[in-house]
Amino acid sequence: MAVIERIAGVDEVGRGPLVGDVVTAAVILDPANPIEGLRDSKKLSEKKRILLFDEIREKALAWHVARASVAEIDQLNILHATMLAMQRAVAGLSVTPTLVRVDGNRCPDFGGLPAEALVKGDDKEPAISAASILAKVVRDLEMVALDSRHPQYGFAKHKGYPTKAHLEALQAHGPLPEHRTSFAPVQRALSQRDATAKVR
């Protein structure tokens, strides 16, 4: 009897931003219930991502979204925090995969499960595409929520990435507790705030 292959695709969103958690997802697709239009989440419109987000959660054999917190990012560094979040995403699956495929050039240990890194995997492996969509929609919604609490930073537009507008807001208003203090632009803003406080 042939063993049915269950590929778990894993991807992250949020390694580059200065604020918020790094979010990961793991997805095992159902070959009997295909999803059309899966590709790298960055190449899809927001409307299309949200439609696929609902379809993936409905049709996938298993899926799980996980994260590493800002505190973990600052303690471990962004690479190790991302690897930890990926491990959590796979550990949270309700179905055990026969193979884990991770977008990128490295992958963590998944408790002995066979695993491989796949460069540009979010455009090559549908399960990774699905994972990238789940992670991006979840993190983008968190940035919109953060924007509603702190509209002066513009999180809904730049999603926490170090754009000119974000860096200017950081200098003008200082870092929030959600900012990653281990990232250089946030460190500079903290130093500036401390220096200003001493002058006063």
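Structure first, text after, so check above.
Please read all numbers here as calculations on a predicted model, not as lab measurements.

(A) Quick peek at the overall build of the protein chain. Looking only at helices and strands, the protein chain features seven helices and five strands. Sequence-ordered secondary structure for the protein chain, helices as α and strands as β, is β-β-α-β-α-α-β-β-α-α-α-α. Computed over its C-alpha atoms, the radius of gyration of the protein chain comes to 18 Å, within 12% of the 16 Å expected for a compact globule of 200 residues. The burial tally for the protein chain puts 46% of its 200 residues in the buried class.

(B) Layout of the sheet that holds strand β4 (residues 99-103). With mixed pairing, the five strands of this open sheet are ordered in space as β3-β2-β1-β4-β5. Of all strands in the sheet, those bounded by a partner on one side alone are β3 (62-68) and β5 (115-118). Across this sheet, the average inter-strand angle for adjacent strands is 20 degrees, counted without regard to direction. As defined by bridge partners, strand β1 (residues 7-13) adjoins strand β2 (residues 22-28) across six bridges and the pair is classed as antiparallel. Along β2, the bridge assignment pairs Glu12 with Thr24. Across the sheet, helix α4 (residues 126-149) lies against β1, β2, β3, β4 and β5, angled at about 35 degrees from β1, the strand it touches most.

(C) Spotlight on empty space enclosed by the protein. In this structure the tally under the stated criterion is one cavity of 30 Å³ or more. If you add up the space inside the largest cavity, you get close to 70 Å³. What lines the largest cavity is simply Glu46, Arg49, Ile50, Val137, Asp140, Leu141, Val144 and Lys159. Put simply, the parts of the chain that give the lining of the largest cavity at least two residues each are α1 (46-59) and α4. Residue contributions to the lining of the largest cavity peak at four residues, all from α4.

(D) Quick peek at the environment of Ala131. With respect to the element layout, Ala131 can be found in helix α4. Sequence separation between Ala131 and Glu12 is 119 residues; the distance between their C-alpha atoms is 7.8 Å. Other than its neighbours up to four places away in sequence, Ala131 contacts Gly9, Val10, Asp11, Ala25, Ala26 and Val27.

(E) Spotlight on the packing of α1 against α4. The geometry of α1 relative to α4 is characterised by a closest axis approach of 9 Å and an angle of 115 degrees between their N-to-C directions. Crossing hand, α1 versus α4: left-handed. Seen from α1, the contacting residues are Arg49, Ile50, Leu52, Phe53, Ile56 and Arg57; seen from α4, they are Ala130, Ile133, Leu134, Lys136, Val137, Val138 and Asp140. Partitioning the contact of α1 with α4 into residue classes produces nine nonpolar, no polar and four charged.

Reading guide: rules and limits
Residues numbered from 1 in each chain as written. Predicted model: local features only at pLDDT ≥ 70, side-chain atom pairs only at ≥ 80, totals over all residues. Heavy atoms only, no water. Helix = DSSP H or I, 4+ residues; strand = E, 2+ residues; numbered from the N terminus. Rg over C-alpha atoms; globule rule 2.2 N^0.38 Å. Buried < 20%, exposed > 50% of the residue type's maximum accessible area, 1.4 Å probe, protein only. Pairing = 2+ DSSP bridges. Axes fitted to C-alpha atoms, helices over the stretch in contact; angles between N-to-C directions. Contact = heavy atoms within 4.5 Å. 1 Å grid on protein atoms, 1.4 Å probe; cavity = no way out; pocket = protein on both sides within 12 Å on 5 of 7 lines; lining within 4 Å. Points joined across faces, edges and corners; volume = space filled by probe spheres on them. Left-handed = near helix turned anticlockwise from the far one by under 90°. Nonpolar A, V, L, I, M, F, W, Y, C, P; charged D, E, K, R; others polar.

By themselves these figures say nothing about function.
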